[in-house]
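Read off the chains here:
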Amino acid sequence: MELAEKRAGADSINAIRAIVGDERIRTAKADLYVYGFDAGMHCNIPDAVVRPRTAEEISQILKLANERNFAVVPRGAGTALCGHAIPIAGGVVLDLQGMNRIKEINPGDLLCVAEPGVVCDDLNAALKKYRFFIPGPASSEAATIGGMAATNASGDKALKYGAMRDYVLGMQAVMPTGEIVRFGTRTLKNASGYQMEKLFIGMEGTLGIITEITLKMAPLPEKTAACIAAFKELVEAGQTVSDIIAAPIFPAQLEIMSDICVKAVNKATGLGLPECGGFLLIACDGHPEQVKDEIRKVKEICEKNKAFFLDFTEDPKRIEELWKGRKQMLASLSVLKPEFSTIMLADDMAVPISKVPDAVKGFLEIQDKYDIYIPPYGHAGDGNLHTKVLLDTENPDHWHQAEKAVREIYDLVLRLGGTVTGEHGVAISKAEYFFIERADSIPFMRAIKRALDPNNILNPYKIFDWDKSFLHNLRYPVQLAGKEKAN
Amino acid sequence: MGEKYSDLEKLKNETLNCTMCGFCKNVCPVFLDVGWDTGSPRGRMTMAYGLITGELEPDDDLVNRIFQCTQCRDCWRRCPGKTKCPDVVLAARRELVRRGKTSASQMAVMQNIRNTGNIFADLEVEFPIQEGDAPLFIGCQHLSRTNSTKKNIRLLQSLGVSPRIVREVCCGFPLEVMGFEEEREKQVEKLKEAFPVNDNTILTFCPGCKVHLEKIFGREVRHVLQEINERLAPDKIAKPVNAKITYHDPCDLSRGAKTTKEPREILKKIGCEIIEMKHVKESSRCCGGGGGILTWDAAMSDRLGLARMEEAIATGAEMLVTACPTCEQSLKKAARAAADKSGAKPMPVYHIMDLLFRAVR
Ligand SMILES: Cc1cc2nc3c(=O)[nH]c(=O)nc-3n(C[C@H](O)[C@H](O)[C@H](O)COP(=O)(O)OP(=O)(O)OC[C@H]3O[C@@H](n4cnc5c(N)ncnc54)[C@H](O)[C@@H]3O)c2cc1C
Ligand code: SF4
Ligand code: SF4
């Protein structure tokens with residue numbers, strides 16, 4: 001799709017100013033610049049940043065955008081990784097972080113209601129008092145629940161606890177054309193027509209702006225225990241994962257690391273994990289008796305698959321330490337190559353659980369062909385694998401190598417029956433490969449977008465409407481021939 | 001590349017290695033106050049990057065955001081990649097000051113130090129000069145409180161410390177945080193002349209001075225609390241304080257000097273029961289007085305102080321104790337503001353040395 005700028009001119013900006021007041025609109029260069037970036041690798045500068053407080057204000061802004069043809073990009077904490085919140089056609093960024101009230105916590109109905117700007121960890125801190133939680137992504141200390149719903153965020157507990165789509169019961173949203181509507185219910189079940197609230201999960205800010213969310217809550221487990229196991233060969237670790245799931249046991253967390261990741265974690269954190277070909281970190285949670293039983297079975301399965309090192313702990317401090325080591329993987333990996341930067345590419349593929357070892361081995365073989373670093377690790381329990389590309393951002397050759405390596409990675413993932421993104425979404429940086437994965441369904445996704453947003457004003461040119469490679473609008477100071485900024 | 005920012009350029013890799021994860025946002029007192037991403041550490045990293053690449057001009061809005069940082073260093077603590085955001089901010093400030101971007105009130109502080117060697121331009125300072133073994137650096141803030149400083153010195157002596165006190169001059173730390181690099185360098189020379197050191201341990205009363213003096217002398221400088229804790233035997237306590245208190249970790253003492261254990265041990269020894277606030281030790285929150293914010297944006301400084309004071313009040317403690325003269329001052333002001341807001345009595349705020357003096361025989 002031809003990318004046409006959708007800038008907001010001075011008149012439009014003045015009209016928005018009249019809606020929200022001087023204090024909640026910014027057009028200073030520094031503000032525009034900062035809101036031109038998120039946690040991904042792209043950037044583009046908006047014309048204004050606005051912090052709305054109500055659905056009504058948002059509705060008025062969207063109606064204005066339709067009249068005057070400027071783009072509107074909703075934004076939570078700006079932690080999405082694929083260029084989601086980048087105003088790629090210019091226009092207005094709606095910073096929703098100020099809409100951060102928790103409106104209701106209702107244990108009897110197993111739900112809570114909150115505005116979209118509430119940070120996941122803040123919500124969980126409030127829910128903890130009632131012994132409930134919602135499973136968050138690794139970015140839970142920053143990410144907002146609005147952003148999480150719009151990206152179907154999920155974390156390392158997805159195997160047992162699911163993703164954001166499993167928690168959203170209902171929502172209030174403003175449609176691209178300005179109507180304020182309610183989707184879903186306050187009930188755990190509903191069969192009343194199209195599940196519009198689910199359609200909004202993973203829509204990446206392209207179908208509407210969520211202004212209130214009703215979420216189901218999960219009970220906080222009484223007890224957690226963890227087991228770590230080291231194997232000579234990565235395949236043995238992979239087989240263990242499949243055997244655990246087939247048992248069937250659903251651990252709360254089940255993480256796999258290759259040798260290079262174990263080395264990096266040891267180097268960065270001093271955790272002293274045994275050096276090995278494949279490493280598993282397994283946590284079971286729930287009722288104490290059930291946890292005991294599950295951990296016993298997990299240990300047996302590890303032994304059957306020739307684990308040469310097995311350790312088990314119920315000590316919350318040690319469990320926290322182990323997970324901290326795992327959570328710091330990204331930072332740890334950069335220790336291996338301090339002169340390179342970590343780029344969000346090929347960052348969250350998912351494959352069928354049994355294919356995890358094949359995928360990890362394949363990624364390492366691909367890495368060997370290039371000068372860049374692509375160390376794999378991931379949530380083996382749900383088949384979700386992370387790699388991070390480490391490269392010299394000022395070296396055009398590294399970018400071109402990255403482009404080739406990433407294509408090989410995605411080819412492999414699709415051959416194994418997987419998806420190019422298990423967690424983070426598509427937006428800009430994964431669009432090229434998403435086209436291959438979803439070739440047959442894209443026309444229907446597009447039809448929905450055109451029907452709901454006829455003037456294409458809401459977060460335009462993302463997902464199926466981004467038809468260029470990821471090497472455009474890079475936030476890094478590198479000149480790539482023929483890959484100039486899109487506008 | 002735009003205009004050459006050679007000082008900032010040296011930290012270009014820091015800005016590139018910032019993964020923009022945003023983990024620093026919700027620990028930054030300024031972001032929590034202003035709400036806009038431009039007020040967050042990540043925002044400041046992005047603006048610094050924009051200056052380096054020449055995509056941003058040092059206009060008033062940018063300058064304001066760069067100076068609206070309390071240098072509390074909590075972003076750096078939280079950063080998974082240990083990216084040095086506070087150092088990037090300081091480098092940006094140096095560049096901005098070189099281009100004449102500062103404020104009248106910060107200029108005034110700089111001139112005070114330049115002209116008088118004292119942050120308050122106090123020419124009447126009474127230096128309790130004395131011979132002794134340990135070079136003791138008192139610091140401008142404590143020098144301005146003659147009575148309590150005399151008591152503090154007596155306390156040290158009663159614990160067997162023999163402090164050597166000279167006619168010192170400002171260590172230059174305020175110049176560093178406000179970005180006056182040339183003046184800082186000159187001040188450091190003046191300091192080295194006025195404050196000769198020997199092989200004995202250097203001591204200081206002030207957390208900020210401790211951090212800066214260590215940089216200057218390239219060796220350990222002890223905060224007096226470290227020394228006191230080692231020497232404070234139970235038989236020294238004549239009148240235990242017996243109070244439920246909450247303790248505010250000064251940023252330069254906790255994240256800067258990694259000294260969180262000693263003040264707590266001392267407080268327990270003198271009979272205090274500590275009720276901890278939500279953000280303590282290495283995760284402590286700024287009092288509103290750090291990084292030049294007091295002179296840059298007094299209203300923000302007040303709001304940050306109030307937020308911290310409300311955390312202290314929420315503990316239900318009888319009083320708030322801290323270990324930094326600037327924190328003490330900011331929090332006393334905040335206690336009055338909180339009282340005005342709620343109608344209750346202001347929470348008493350003490351410097352730990354004052355409690356110690358009362359407790360020790
Ligand atoms: C270090 C790190 C670790 C991460 N780990 C994970 C992980 O484990 N799992 C995972 O799933 N993701 C992960 N992410 C990605 C990211 O944090 C998630 O996608 C998160 O849900 C984004 O939330 P946000 O508030 O930052 O949204 P933003 O980045 O601000 O926005 C994301 C998208 O949602 C849209 N949006 C935001 N709010 C609304 C709203 N109210 N209405 C409509 N659209 C909206 C935006 O337009 C944009 O398209 C990680 C990111 C980082 C930096
Ligand atoms: S040093 Fe403190 S005030 Fe400054 S950016 Fe970091 S967290 Fe914010
Ligand atoms: S926590 Fe560190 S890496 Fe993350 S945005 Fe802040 S400075 Fe950058």
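Residues numbered from 1 in each chain as written. Chains lettered and ligands numbered in written order. Predicted model: local features only at pLDDT ≥ 70, side-chain atom pairs only at ≥ 80, totals over all residues. Heavy atoms only, no water.

Colleague: Before we move on, could you go through the domain arrangement of chain B and cite the residues and values that matter?
Modeller: All names here are of chain B. When the domains of chain B are assigned, the result is domain 1 (6-98), domain 2 (134-229) and domain 3 (237-359). A straight line from the C-alpha centre of domain 1 to that of domain 2 covers 29 Å. With seven residues of domain 1 in contact, the opposing surface of domain 2 contributes six residues. The interface formed by domain 1 and domain 2 holds zero salt bridges in total. (Domains from an automatic or database assignment. Contact = heavy atoms within 4.5 Å. Salt bridge = Lys/Arg side-chain N within 4 Å of Asp/Glu carboxyl O.)

Colleague: Talk me through the pairing of strand β3 (residues 72-75) of chain A; I want residue IDs and the actual numbers.
Modeller: Residues and elements named next belong to chain A. Residues V72 and P74 line one face of β3 and the alternating positions V73 and R75 line the opposite face, and both faces are buried. Two elements, β3 and strand β4 (residues 92-95), share four bridges in a ladder whose sense is parallel. If you follow R75 over to β4, its bridge partner there is D95. (Buried < 20%, exposed > 50% of the residue type's maximum accessible area, 1.4 Å probe, protein only. Helix = DSSP H or I, 4+ residues; strand = E, 2+ residues; numbered from the N terminus. Pairing = 2+ DSSP bridges.)

Colleague: Let's hear about helix α10 (residues 146-158) of chain B: which residues, and what values?
Modeller: Residues and elements named next belong to chain B. The end-to-end C-alpha distance of α10, which contains 13 residues, comes to 18 Å, matching closely the 18 Å that a straight helix rising 1.5 Å per residue would cover. Within the span of α10, buried status applies to S148, T149, N152, I153, L155 and L156. The buried residues of α10 occupy one face: seen down the axis, they fall within an arc of 155 degrees. Seen from the open side of α10, the exposed residues pointing more than 90 degrees away from its buried face are N147 and R154. Buried residues belonging to α10 abut β1 (134-137), α9 (140-143), β2 (163-164), α14 (224-231) and α20 (352-359). Looking one or two residues past α10, G160 carries a phi angle of roughly 90 degrees, positive in sign. (Expected span 1.5 Å × (residues − 1). Arc of directions from axis to C-beta.)

Colleague: Give me the packing of aromatic side chains: which residues, what numbers.
Modeller: Applying the stated rule across the entire model yields 10 aromatic pairs over all chains. Note on Y35 of chain A and W36 of chain B: the rings are 6.5 Å apart at their centroids and 90 degrees apart in plane angle, and the pair reads as edge-to-face. Of this pair, Y35 of chain A sits in the loop between α2 (29-34) and β2 (48-50) while W36 of chain B sits in the loop between α3 (29-34) and α4 (41-53), each in a different chain. Measuring from centroid to centroid gives 4.5 Å for Y410 of chain A and Y433 of chain A, while their planes differ by 40 degrees, and the two rings are tilted. Of the two residues, Y410 of chain A is situated in helix α14 (residues 396-415) and Y433 of chain A in helix α15 (residues 431-437); the sequence distance between them amounts to 23 residues. Taken individually, Y410 of chain A and Y433 of chain A each receive the classification buried, so the pair is uniform in this respect. (Phe/Tyr/Trp six-rings, centres within 6.5 Å; stacked < 30°, edge-to-face > 60°.)

Colleague: With reference to specific residues and values, describe the interface of chain B and chain A.
Modeller: At the interface, 32 residues of chain B touch 38 residues of chain A. Of the roughly 2800 Å² buried between chain B and chain A on both sides combined, carbon and sulfur atoms contribute 55%. When the area that chain B buries against chain A is broken down by residue, the three leading residues are L16, T19 and W36 of chain B, summing to 23%. The interface formed by chain B and chain A holds three salt bridges in total. Ionic pairing is found between K12 of chain B and E394 of chain A, a salt bridge with its closest N-O pair at 3.1 Å. For the interface between chain B and chain A, the tally reads 15 residue pairs in polar contact (both at pLDDT 80 or more). Elements supplying a minimum of two residues to the side of chain B that touches chain A: α2 (12-17), α4 and α5 (60-67) of chain B. A class-by-class count of the residues in the side of chain B that touches chain A yields 12 nonpolar, 11 polar and nine charged. (Buried area = accessible area lost by both parts, 1.4 Å probe. Polar contact = N/O pair within 3.5 Å; in protein donor to acceptor, adjacent residues only side chain to side chain. Nonpolar A, V, L, I, M, F, W, Y, C, P; charged D, E, K, R; others polar.)

Colleague: Outline helix α3 (residues 55-68) of chain A, supporting the account with residue identities and numerical values.
Modeller: For α3 of chain A, built from 14 residues, the straight-helix expectation of 20 Å at 1.5 Å per residue is met to within 8% by its first-to-last C-alpha distance of 20 Å. Trailing α3 of chain A by a residue or two, N69 of chain A shows a phi angle of about 60 degrees, which is positive.

Colleague: Explain a positive patch on the surface to me, using residue names and the numbers behind them.
Modeller: Positive charge collects at one region of the surface, where K151, R154, K239 and R358 of chain B lie side by side. Mapped onto the elements, K151 of chain B comes out in helix α10. (Patch = residues over 30% accessible without salt bridge, like charges linked within 9 Å, V, L, I, M, F, W, Y side chains within 5 Å. Areas by Shrake-Rupley, 256 points an atom, 1.4 Å probe, with all protein chains shown as cover. Lys, Arg positive; Asp, Glu negative; His and termini not counted. Charge placed at Lys NZ, Arg CZ, Asp CG, Glu CD.)

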